[in-house]
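Report on the structure
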Amino acid sequence: MDRLQELRSQVDHCDRALATMLEERLSIILDIMEEKKSLGMPIFSQDRERAIIQNIGNYVHDPAFREEIKTIQTHVLRSCRRIQSRLLFPYHISLVGFMGSGKTTIGKALSKMLAMDQIDVDQVIETRARMKISDIFAQYGEPYFRELESKTVEELSQHQNVIILCGGGGVVLNKTNVDNLRNNGIVVWLKASPEQIYSRIATDDTRPLLKDNMSVDKIGTLMDPRLSLYESAADIAIITDNKTEEEICMEIVDRLMQLEIDRPLPLRDVSSL
C-alpha cells in the first residue's frame, strides 16, 4: 500500500507540473495571437499545428507512448484554438448562401479550424419535426417550413461563439431572420456560380425547389432574386468557386479580423475562457 501511495504521489506531482506548463503554454499562445495581429499575420495555421504534433512525437523516448502523446497534443492545440476564437469572435458567425454554395462543408471545416461548435438550422428543424426538410415541404408546404425556419433562427441567433449554418439559402427571404442573425453576430455570404452549384448538387434528390428541374438555368432563376438580399444581409462575401476548404476558411478568418463592425455586438468576456 505504501508503494501505491508513493506512485500516486508521483502522478500528482506530474499533474501539478503539467497544469503549470499548460497554463504557461496557453498564456504564451495569447501573446503570440496579439503579436500576429500586430504584424497582420494569419492567426491560425494548420501547417504549424501539423509540425507541432510531429515534433512532439519526436520528443517521446518510449515508442509505446508516442501516438497517445500526439493525440493529447492534438487536444491541447484544439483548446488553444478555442481560447483564441472566444477572444477574437465572441459573437456567432452565420453562413448564408444559396443551396450548394458550400455552407455545410465550410461550416465543418471552419468549426474545426476555430474549435467552435456549429449548429445547422435545417438539422435542428428536422430533429424537432422528426421529418426531412423535403417531406415538410411535400406535406405542409413552403410557408409552413419558413415559419419553422424563422422560429429556429430567432432561437439560435442568441448563441455566441458558434457557427450557424443557414440551411438551403431561403433564410434571407425574411428580413426578421436577417435582423436576428445580425443582432448578435456576423453574417458571411458564401457565393457560388450556378454552374458551380449544379456541379455540386446535380445528383442530390433532396432539394425540393429543384425536384422537377435540376439544371443550371433553374438554379440561376431561383438565385437571381436572392442576390440583392444576400448582399444586403452579409457583412462579408466570399466566393467559393474553385477554392479549397482551407483557402475559404482562411479567407473568412482574415476578413473577420479586418472587419470594421458597424453595430453593437457581444463584448469580449475573458472571464468565460
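Before going into details, it helps to say that this report is about the structure given with it. Remember, it's a predicted structure, so these values are computed and weren't measured experimentally.

**Topic: the overall build of the protein chain**
Counting its regular elements, the protein chain contains eleven helices and five strands. The principal-axis extents of the C-alpha atoms in the protein chain amount to approximately 75 × 45 × 35 Å. Residues counted as buried form 42% of the 273 residues belonging to the protein chain. Relative to all contacts within the protein chain whose residues are 6 or more apart in sequence, the contacts with residues 24 or more apart total 77%. Summing over all exposed atoms, the protein chain offers an accessible surface of approximately 15,700 Å²; the carbon and sulfur share of this is 52%.

**So, the environment of Val-121**
Topologically, Val-121 is positioned in helix 5 (residues 121-129). Along the chain, Val-121 and Ile-164 lie 43 residues apart, while their C-alpha atoms are 7.1 Å from each other. Ignoring anything within four residues of it in the chain, the contact list for Val-121 reads Glu-149, Thr-152, Val-153, Leu-156, Ile-164, Leu-165, Cys-166 and Gly-167.

**Describing the packing of aromatic side chains**
All chains considered together, the criterion is met by four aromatic pairs. Judged by centre distance (5.6 Å) and plane angle (25°), the ring pair of Trp-189 and Tyr-230 falls under stacked. Of the two residues, Trp-189 is situated in strand 4 (residues 185-191) and Tyr-230 in helix 10 (residues 216-233); the sequence distance between them amounts to 41 residues. The pair formed by Trp-189 and Tyr-230 is uniform in burial state, with each residue classed as buried. Positioned over the ring face of Trp-189 is Lys-191, at 4.8 Å from the centre of the ring.

**Focus: helix 4 (residues 103-114)**
Residues spaced three or four apart along an α-helix face the same direction, because each turn holds 3.6 residues. An ideal rise of 1.5 Å per residue puts 16 Å on twelve residues; helix 4 measures up with 16 Å between its terminal C-alpha atoms. Among all positions of helix 4, only Lys-103, Ile-106, Gly-107, Ala-109, Leu-110, Ser-111, Met-113 and Leu-114 are buried. Phi turns positive one or two residues past the end of helix 4, at Ala-115, with a value near 55°.

**What to know about the pattern of salt bridges**
Scanning all chains against the criterion turns up 14 salt bridges. For Glu-67, the salt bridge is made with Lys-70, and the minimal N-O distance between the two is 3.6 Å. Taken as a pair, Glu-67 and Lys-70 lie in helix 3 (residues 63-88) at a separation of three residues, close to a single helical turn. Its salt-bridge partner being Glu-149, residue Arg-146 comes within 3.0 Å of it at the nearest N-O pair. Here Arg-146 pairs with Glu-149, and both are found in helix 7 (residues 142-156), just three residues apart, close to one helical turn.

**A closer look at the sheet that holds strand 2 (residues 117-120)**
If you trace the five strands from one edge of the open sheet to the other, you get 2-3-1-4-5, paired in parallel fashion. The sheet terminates laterally at strand 2 and strand 5 (236-239), the two strands that pair on one side only. Taking each pair of neighbouring strands and ignoring which way they run, the sheet shows an average axis angle of 25°. Relative to strand 5, strand 4 is paired through four bridges, and the arrangement is parallel. Residue pairing across strands places Trp-189 opposite Ala-237, the latter belonging to strand 5. Here helix 8 (residues 175-183) sits on the sheet in contact with strand 1 (92-96) and strand 4, set at roughly 120° to strand 4.

**Some words on the packing of helix 9 (residues 194-201) against helix 10**
In the contact formed by helix 9 and helix 10, the axes pass within 9 Å of each other and the chain directions differ by 120°. Relative to helix 10, the element helix 9 lies oblique. Considering how the two elements wind past one another, helix 9 and helix 10 form a crossing that is right-handed. In this structure, helix 9 contributes Pro-194, Glu-195, Ile-197, Tyr-198 and Ile-201 to the contact, and helix 10 contributes Val-216, Ile-219, Gly-220 and Met-223.

**A look at the nonpolar core**
In terms of nonpolar packing, the biggest core is built from 32 residues, with Val-96, Phe-98, Leu-181 and Ile-197 touching the most fellow members. Counting residues per element, the ones that place at least two in this core are helix 5, helix 6 (133-140), helix 7, strand 3 (162-165), helix 8, strand 4, helix 9 and helix 10. Ranked by the residues each element gives to this core, the list is headed by helix 10, at five residues. Not counting residues up to four positions away in its chain, the partners in contact with Ile-197 are Phe-98, Met-99, Gly-100, Ser-101, Ala-192, Ile-219 and Met-223. Among the nonpolar cores identified, the runner-up in size contains 29 residues, and Leu-88, Val-188, Leu-190 and Ile-248 belong to it.

**Details of unusual backbone geometry**
The phi torsion at Ala-115 lies on the positive side, around 55°, for a residue other than glycine. Here Ala-115 shows up in the loop between helix 4 and strand 2. The class for Ala-115 is buried, based on a relative accessible area of 4%.

Cut-offs used in this document
- Residues numbered from 1 in each chain as written.
- Predicted model: local features only at pLDDT ≥ 70, side-chain atom pairs only at ≥ 80, totals over all residues.
- Heavy atoms only, no water.
- Helix = DSSP H or I, 4+ residues; strand = E, 2+ residues; numbered from the N terminus.
- Buried < 20%, exposed > 50% of the residue type's maximum accessible area, 1.4 Å probe, protein only.
- Contact = heavy atoms within 4.5 Å.
- Areas by Shrake-Rupley, 256 points an atom, 1.4 Å probe, with all protein chains shown as cover.
- Phe/Tyr/Trp six-rings, centres within 6.5 Å; stacked < 30°, edge-to-face > 60°.
- Lys NZ or Arg CZ within 6 Å of the ring centre and 35° of its normal.
- Expected span 1.5 Å × (residues − 1).
- Salt bridge = Lys/Arg side-chain N within 4 Å of Asp/Glu carboxyl O.
- Pairing = 2+ DSSP bridges.
- Axes fitted to C-alpha atoms, helices over the stretch in contact; angles between N-to-C directions.
- Parallel < 35°, antiparallel > 145°, perpendicular 65-115°, else oblique.
- Left-handed = near helix turned anticlockwise from the far one by under 90°.
- Core = buried A, V, L, I, M, F, W, Y, C linked by side-chain atoms within 4.5 Å.

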